[in-house]
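In case you want the letters, here they are:
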Amino acid sequence: MKLSRVSRQFGGLRAVDDVNLEIEPGEIVGLIGPNGAGKTTLINVITGVHPANSGEIELDGQRITKMKPHEVANIGCSRTFQIVQPFPNMTVLENVSAGALFAAGAKNIRESREQAMEHLEFVGLADEAEKSATALPLAGRKRLELAKSLAMKPRLLMLDEVNAGLNSTEIDGALKLIQAISDRGITLILIEHLMKVVMSMSSRIVVLHHGKLIANGTPAEVIEDQSVIEAYLGRRFAEKMAKEKNGQMT
Amino acid sequence: MLYLQILLNGLLLGGLYALIAVGFSLVWGVLNVINILHGTFIVLGSYIAYFAHLYFGIHPFASVIISGSVLFCLGYVIQAGIINRVVAAPVLMTLTLTFGLDLLLNNAMLIAFTADYRKLILTDSLGSYDLWGLILPLNRVAGVGLAALLTFGLYRLLRDSNIGRAIVAVRMDREAATLMGVRVNRINAVTFALGALMAGAAGSIFSIIYPISPINSGLFLGKAFVICILGGLGSVPGAMIGGIALGVIESYGALFFGPEHSTTLAFVILIALLIFRPTGIMGRKGYE
Amino acid sequence: MKKIAIFVAIVALLALPYFGNNYIVRLATVMMMYSVLALSWNFIGGMAGYPSFATAAFFGIGAYVGAILQANGIFFGAAWFAAGLIALIFAAIMGRAILHLRGHYFAIASLVMVEVLREVVNTNDQITGGGMGMNIPILKISVEASGMLFYYSMFVVALLTLATASWVYHSKLGFGFRCIQQNEAAANMLGVDSTKYKTIAFSLSAVFVGMAGAIYASWVNYIEPPDVFDIFLTIKPVVMVLLGGMGTVFGPIIGAVAFLALEEIVWRNFLTIHSAVLGLLIVLLVLFLPKGALFFDYRQFFRGRKK
């Protein structure tokens, strides 16, 4: 996927500001940044919920800048929501089969249910298939989101805070799942607050601050990057740290 | 001169229209309820004025107090006792509910007062005044003045009183208001009651201008729809601007297309606005 | 079980005119008409969850298109069919325009469509007769025969609507409607083309209503704007569907039958307060039975045997 000079404004606010980014197939890219940096907005821009005001977005050479959300979904680009959004009056299985039916081209409802069941087994929710989606605990609903996204047979999957609100055992489970998804050859963009998770999972990290892309590199590079430290900790603290470091060196 | 006279008529009409819409808009904006009863409330206000004038000789401008208080109480009871139970339900439910309540109340009025048009004729009419060739119907001017006063009163109430602030807080963010200790159910009831009060007061003022009959309720309701879409929801200035805009549009529409088309014109404008600019001419974000 | 029940019902309804008197046949015709209205509204209001108040607009369009065509010598069957088609096209175009609105805004836009159309018909008296109304040529057959003709015609349209509803409900289309009803943004993300689906739902809610309107016009021989663009034609289907159960296949029919029964009782006994009684019914329904499910859970009843 390739983003060139993508911007999105809300009124006077530039929520996404002139972002250039290329992602290779099969990568796991961590997308981080302080609260309000525009991470979720960037996802919304890519998926066509809030289309870009300027710039171009391509997926495998295909221009998706002006596509509607359902079109983006149909060409293999899916996402999970920070706040999970299952269809409340449907069973877990029905929720997942919707993804298989509308985005992955299942021929009929029966086939979509079969596919959905496979994905539920993959995320470990097979026993819950006939339960109402709202009956699941938070960790279960996050898995349901994953299964829904996978049912869409995506090439690119954007995971918006799949670990938020989970305890450490649940996070370990989720991480194994994410790794397994990546092993299937699906390109992943991870939005994460937990630095530990991003650092260990991502092959590359991209940092947004005030809508601008301020750093792009391997975890090790990014953590050393002056502007990232500033963005997270504030300028004064960053300068102090830099000074201490220099002091140690000399 | 003709155009000026029509502008003047339009402005006067608009002042009254603003009063129709201000309560309706308040209820819609704060409670997210379309109050189909609003038109019937206005007619009820007119009947109160009519009978107060007939039996006690009270001037309709004075009976604003009576009709306003009666409708306030009625509105409070309806919201607290009935609508509050489903106020958070989907649009379809609340809309259907107020429609049902409207059928009940309107039918009751039909039985009590019949569908015959009644007219309140003032014995001491103010007549009209000639202002450099422009004719000013003074009763209507006074009515508009009173309407403006009432609208301004509501505006100040919402801005400056504690209850008004609580109402605005509920409109902005219902859940946050609950957390801050606002008793939302009570505020709902007061809001609805205030909307009814404005309708009742409007009814009193209209009693000297329009013939009175339960069948008129739909007409008033239609106006309220259009004004809210024109001016945007939930704010007093929005309702005023929407009302005046509709008054002027209808007056000129009547001139160019004939009076029988002015309502259609208003509705066509409404649909066009909804299609192309659902946030109103003020451009405020609607409460979807 | 389900199939047997449907089969028995159809046979009974087919045989009905041979046993019932004129009053019964008239009532049965109204019942079919109400079923068409309720089943149709259920596409947009129940399945897709958009509070449409446009039913009367489609009914009126159908009635006037049918009447105008018949007045110009078109065969009645063709006129009815054309009426449905025109209502469908109208809904598809208007749907594209107003279905981006949500909640109250959509409700009002659809409601105002009725008002505008009524006024348009009122003022174009060259074609429609305006407020004077319009006469539809009477068929040159006996009263009994024409009663049967209109009954069977409504019956066929009702069956068509039911068959369509059942097919939609079990198909990808209906699944898409339900996704939109529950969470439109999420449905979009899952690849549901919500604009297309909503427009289809809105059009489906129009086509059979348009036909029913045309048949109604032929049946009563005379129409006028307030009669066919009647706001009650908009609100009654909503009440019926609320009574019977939103978003289900058979709920609207059960609601329509129950509603008609109530209406008949009220009309006969309390003519002057019939709208108040309807109002009371609505209030009680919304407050105490918001989920529908009249008398018993017929869905469970049908499902019980299937599994």
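All figures in this text were calculated on a predicted structure; none of them were measured in a lab.

Secondary structure assignment for chain A yields 10 helices and 10 strands. Its C-alpha atoms give chain A a radius of gyration of 19 Å, within 12% of the compact-globule value 18 Å for 250 residues. By its C-alpha atoms, chain A is 70 × 40 × 30 Å across when sized along the principal axes. Partitioning the contacts of chain A with sequence separation of at least 6, the portion at a separation of at least 24 is 64%.

Further remarks concern the interface of chain B and chain C. Facing the 36 residues of chain B at the interface are 42 residues of chain C. Interface of chain B and chain C: buried area, both sides summed, is about 3,400 Å²; carbon and sulfur atoms make up 84% of it. Ranking the residues of chain B by area buried against chain C places Leu92, Met93 and Leu103 of chain B at the top, with a combined share of 17%. On the surface where chain B and chain C come into contact, there are zero salt bridges. The interface formed by chain B and chain C contains four residue pairs in polar contact (both at pLDDT 80 or more). Elements that contribute at least two residues to the side of chain B that touches chain C include exactly helix H4 (91-113), helix H9 (217-231) and helix H11 (262-276) of chain B. Broken down by class, the residue content of the side of chain B that touches chain C amounts to 26 nonpolar, eight polar and two charged.

This brings us to the sheet that holds strand E10 (residues 212-217) of chain A. Residues and elements named next belong to chain A. The mixed open sheet is built from six strands, whose spatial order is E6-E7-E8-E3-E9-E10. Every other strand in the sheet has two partners, leaving strand E6 (77-79) and E10 as the edge strands with one partner each. Here the average twist between neighbouring strands, direction ignored, is 20°. Both strand E3 (residues 28-32) and strand E8 (residues 187-191) contribute to a ladder of four bridges, which runs parallel. The residue of E8 that forms the bridge with Ile28 is Leu188. Helix-sheet contacts for helix H1 (residues 39-46) involve E3, E6, strand E7 (156-160), E8 and strand E9 (204-209), and the interaxial angle to E6 is about 145°. Running over the sheet, helix H6 (residues 168-183) touches E3, E7 and E8 and is turned about 150° from E8.

Now for helix H13 (residues 251-269) of chain C. Over its 19 residues, H13 of chain C runs 27 Å from end to end, which matches the ideal 27 Å to within 8%, given 1.5 Å per residue. Restricting attention to buried positions, one finds in H13 of chain C the residues Gly251, Pro252, Gly255, Ala256, Ala258, Phe259, Leu260, Glu263, Glu264 and Val266 of chain C.

Moving on to the environment of Met67 of chain A. Residue and element names in this part refer to chain A. Structurally, the position occupied by Met67 is in the loop between strand E5 (62-63) and helix H2 (69-74). Residues Met67 and Asp18, spaced 49 residues apart in sequence, show a C-alpha to C-alpha distance of 19 Å. In this view, Met67 contacts Gly48, Gln62, Val72 and Ile75; residues no more than four positions away in its chain are not counted.

Taking 1.5 Å of rise per residue, 23 residues should cover 33 Å, and helix H8 (residues 184-206) of chain B covers 33 Å from first to last C-alpha, within 8% of that figure. Most of H8 of chain B is tucked away: 20 of the 23 residues are buried.

Counted under the stated rule, the structure contains 17 salt bridges over all chains. For the salt bridge of Asp60 of chain A with Arg155 of chain A, the shortest nitrogen-to-oxygen distance reads 2.5 Å. Residue Asp60 of chain A is found in the loop between strand E4 (54-59) and E5, and its partner Arg155 of chain A is found in the loop between helix H5 (138-151) and E7; the two are separated by 95 residues along the sequence. The class for Asp60 of chain A is exposed, based on a relative accessible area of 52%. Where Lys236 of chain C meets Glu263 of chain C, a salt bridge forms, and the shortest distance between an N and an O atom there is 2.8 Å. With a gap of 27 residues between them, Lys236 of chain C in helix H12 (residues 231-244) and Glu263 of chain C in helix H13 connect regions that are remote in the sequence. Relative accessible area serves as the criterion here: at 14%, Lys236 of chain C is assigned to the buried category.

This brings us to the confidence of the model for chain C. All names here are of chain C. Averaged over chain C, the pLDDT score is 88; the fraction of residues at 70 or greater is 94%. Looking at the elements of chain C, mean pLDDT is at its lowest for helix H15 (residues 298-306), recorded as 43, and at its highest for helix H10 (residues 194-220), recorded as 96. Scored below 50 in pLDDT, residues 294-307 shows 17 contacts in the model against residues more than four places distant or in partner chains. Scored by ipTM, the complex comes to 0.84, with pTM at 0.87.

As enumerated under the stated definition, the model contains 30 aromatic pairs over all chains in all. Aromatic side chains Phe106 of chain C and Phe202 of chain C sit 5.9 Å apart centroid to centroid with 70° between the ring planes, which places their arrangement in the edge-to-face category. Taken as a pair, Phe106 of chain C in helix H5 (residues 103-123) and Phe202 of chain C in helix H10 lie far apart in primary sequence, 96 residues in all. Residue Phe106 of chain C is classed as buried on the basis of its relative accessible area of 0%. For Phe202 of chain C, a relative accessible area of 0% puts it in the buried group. Ring geometry for Tyr216 of chain C versus Trp219 of chain C: centroids 6.4 Å apart, planes at 80°, classification edge-to-face. Residue Tyr216 of chain C and its partner Trp219 of chain C are located together in helix H10, separated by three residues, close to a single helical turn. The buried category is assigned to Tyr216 of chain C, whose relative accessible area is 14%. An aromatic cluster is present here, built from Tyr47, Tyr50, Phe51, Tyr55 and Phe113 of chain B joined pairwise through their rings. Seen from the ring of Phe87 of chain A, Lys148 of chain A lies directly overhead, with NZ or CZ sitting 5.0 Å from the centre. Looking at Arg178 of chain C, its charged tip hangs above the ring of Tyr169 of chain C, at a distance of 4.7 Å from the centre.

How each quantity is defined
- Residues numbered from 1 in each chain as written.
- Chains lettered and ligands numbered in written order.
- Predicted model: local features only at pLDDT ≥ 70, side-chain atom pairs only at ≥ 80, totals over all residues.
- Heavy atoms only, no water.
- Helix = DSSP H or I, 4+ residues; strand = E, 2+ residues; numbered from the N terminus.
- Rg over C-alpha atoms; globule rule 2.2 N^0.38 Å.
- Contact = heavy atoms within 4.5 Å.
- Buried area = accessible area lost by both parts, 1.4 Å probe.
- Salt bridge = Lys/Arg side-chain N within 4 Å of Asp/Glu carboxyl O.
- Polar contact = N/O pair within 3.5 Å; in protein donor to acceptor, adjacent residues only side chain to side chain.
- Nonpolar A, V, L, I, M, F, W, Y, C, P; charged D, E, K, R; others polar.
- Pairing = 2+ DSSP bridges.
- Axes fitted to C-alpha atoms, helices over the stretch in contact; angles between N-to-C directions.
- Expected span 1.5 Å × (residues − 1).
- Buried < 20%, exposed > 50% of the residue type's maximum accessible area, 1.4 Å probe, protein only.
- pLDDT = per-residue confidence, 0-100.
- Phe/Tyr/Trp six-rings, centres within 6.5 Å; stacked < 30°, edge-to-face > 60°.
- Lys NZ or Arg CZ within 6 Å of the ring centre and 35° of its normal.

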